[in-house]
Amino acid sequence: MLTQIINARILTPQGWLKDGSMILRNHKILEVTNCDLAIIGANIIDAKGMYVVPGGIEMHVHGGGGRDFQEGTEDAFRTAVEAHLKHGTTTIFPTLSSSTVPMIMKAVETCSRLMHEENTPIAGLHLEGHYLNKAKAGAQMPEWIKDPDPNEYIPIVENCPCIKRWDAAPELPGAIQFGRYCSERGILPSIAHTQAEWKDVKAAFEAGYTHVTHFYNAMPGFHNKREYKYEGTVESVYLIDDMTIECVSDGIHVPPTILRMAYKIKGVERMALTTDALALAASDAEAKAFDPRVVIENGVCKLSDRSALAGSIATMERLVQVAVQEAEIPLEDAVRMVSETPAHIMRINDRKGTLQRGKDADILILDDELRVRCVWQMGKIVENSLF
């Protein structure tokens, strides 16, 4: 069965295609064209002149719909994934905060099983910790944080091919070896929850840490030690042209002015947008965070002692709205930073991230207010408010 989307403003790798159409067959994009003539026998979807863009790729998300991936159960995974699908996330890397090894292995088992389902949106597991700097723990559970231990991480990596990313603080003892080990095995090591300065960041990049987790959060900028001044993690990352970053574009974790500055310095090809969403995202008022220390005030997740933010309640459409409407980033670049750029960073750009012939049919329709009006995940409509 063919599906044809007509009367659309389509974002292609070459730019916007006005009055274009897109043809889908099963779970793939068959054609993107400027011919708007309806195909006889096809299921016709009239985009009504709205934006048609690639589906969002969420590379850092802890939960949604009232459930957290740290629970490790199939029900928790399915509920959280489904909640984000409806808001424009069509590919997802479930993320665990710092956890115990049994918690990691439970999540690995569930993630591996779901990854093998046909046309799954789950692309792999992301471990945010537990090899982090306690001084920058933020909302991470401090009792589970430790230095990298090869006797611990080698058996995990060797037996868990679903792990696609693992974050660490590069200044910790053994962290450079950990990053090199992960990188050699196709796992993306990312700098996170750190006090790294230039020498640490440079050594980390050379060892394979090519990405930075929730940039600006849980890391120092330019600072003093007594009378002398030092570059922080932020400036060190800016100095390495090929190091990629992700920013939490919820309008809270990073002020819109700083979001725009990061975009101007790093550029669309080296900057992704992410939610860092908790279970509270896309959930009802009764939902609670997995971590009992977390409270929500005026739409902001924070520790109950107000010492740190604790993830977000953002969804994919919110990332684009903040980037465009508050940080004044062009729509096409904001969309690329939630689709094409994370696809490159996570090495799935052979099938995801852009609207092209042969790519997976992960597609969004956005209205002029940048609200998600329709979502296709692998050619199947999972959300539709067009009609």
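Heads up: the structure comes first, above all this text.
What you see is a predicted model; the values in this text were computed from it and never measured.

Draft legend 1. View of the side chain of Asp200. Within the element layout of this structure, Asp200 appears in helix 5 (residues 198-207). A polar contact of 3.2 Å, which involves the side chain of Asp200, links it to the side chain of Lys199. When sequence neighbours within four positions are dropped, the list of residues in contact with Asp200 reads Pro170 and Glu171.

Draft legend 2. View of the pattern of salt bridges. Counting across every chain of the model gives 28 salt bridges. Residue Glu117 is joined to Arg78 by a salt bridge in which the shortest nitrogen-to-oxygen separation is 2.4 Å. With Glu117 in the loop between helix 2 (101-115) and strand 10 (125-131) and Arg78 in helix 1 (residues 74-85), the pair connects residues that are 39 residues apart, well separated along the chain. Of the residues examined, Arg78 reaches a relative accessible area of 36% and is grouped as partly exposed. Residues Glu326 and Arg318 are paired through a salt bridge, measuring 3.4 Å at the closest nitrogen-oxygen approach. What makes Glu326 partly exposed here is its relative accessible area of 38%. A residue is classified by how much of its surface remains accessible, and Arg318, at 30% relative accessible area, is partly exposed. Each of Lys28, Lys352, Asp360 and Asp362 takes part in one network of salt bridges that share partners.

Draft legend 3. Expanded view of helix 3 (residues 150-159). Those residues of helix 3 lying buried are Glu152, Tyr153, Ile156 and Val157. Along the long axis of helix 3, the arc covered by the buried residues comes to 110°, so they all point the same way. Set apart from the buried face of helix 3 by more than 90 degrees, the exposed residues are Asn151 and Asn159. The distance from a side-chain oxygen at the start of helix 3 to the backbone nitrogen of Asn151 is 3.0 Å, and the residue carrying that oxygen is Asp149.

Draft legend 4. Highlighting the nonpolar core. In terms of nonpolar packing, the biggest core is built from 78 residues, with Leu125, Ile163, Trp166, Phe215, Leu259 and Met271 touching the most fellow members. With near-sequence residues (within four places) excluded, Met271 lies in contact with Ile245, Cys247, Leu259, Ala262, Tyr263, Lys266, Met337 and Thr341. Core analysis: the second largest hydrophobic core is formed by 19 residues, Ala47, Met50, Ile363 and Trp376 among them.

Draft legend 5. Examining the packing of aromatic side chains more closely. Evaluation of the coordinates by the stated rule reveals 11 aromatic pairs. Ring centres of Trp166 and Phe178 lie 5.1 Å apart, and the angle between their planes is 90°; on these two criteria the pair is classed as edge-to-face. With Trp166 in strand 11 (residues 163-168) and Phe178 in helix 4 (residues 175-184), this residue pair connects regions lying 12 residues apart in the sequence. A ring pair is formed by Phe215 and Tyr238, whose centres lie 5.2 Å apart and whose planes are at 85°; its orientation type is edge-to-face. Pair noted here: Phe215 is in the loop between strand 13 (211-212) and strand 14 (223-225) and Tyr238 is in helix 6 (residues 233-239), with a separation of 23 residues, a long-range link. Classification of Phe215 by relative accessible area gives buried; the value is 0%. Looking at Tyr238, the relative accessible area reads 15%, which means it is buried. Linked through ring pairs, Tyr131, Tyr153, Trp166, Phe178 and Tyr181 together constitute an aromatic cluster.

Each value, and the rule that gives it
Residues numbered from 1 in each chain as written. Predicted model: local features only at pLDDT ≥ 70, side-chain atom pairs only at ≥ 80, totals over all residues. Heavy atoms only, no water. Helix = DSSP H or I, 4+ residues; strand = E, 2+ residues; numbered from the N terminus. Polar contact = N/O pair within 3.5 Å; in protein donor to acceptor, adjacent residues only side chain to side chain. Contact = heavy atoms within 4.5 Å. Salt bridge = Lys/Arg side-chain N within 4 Å of Asp/Glu carboxyl O. Buried < 20%, exposed > 50% of the residue type's maximum accessible area, 1.4 Å probe, protein only. Arc of directions from axis to C-beta. Core = buried A, V, L, I, M, F, W, Y, C linked by side-chain atoms within 4.5 Å. Phe/Tyr/Trp six-rings, centres within 6.5 Å; stacked < 30°, edge-to-face > 60°.

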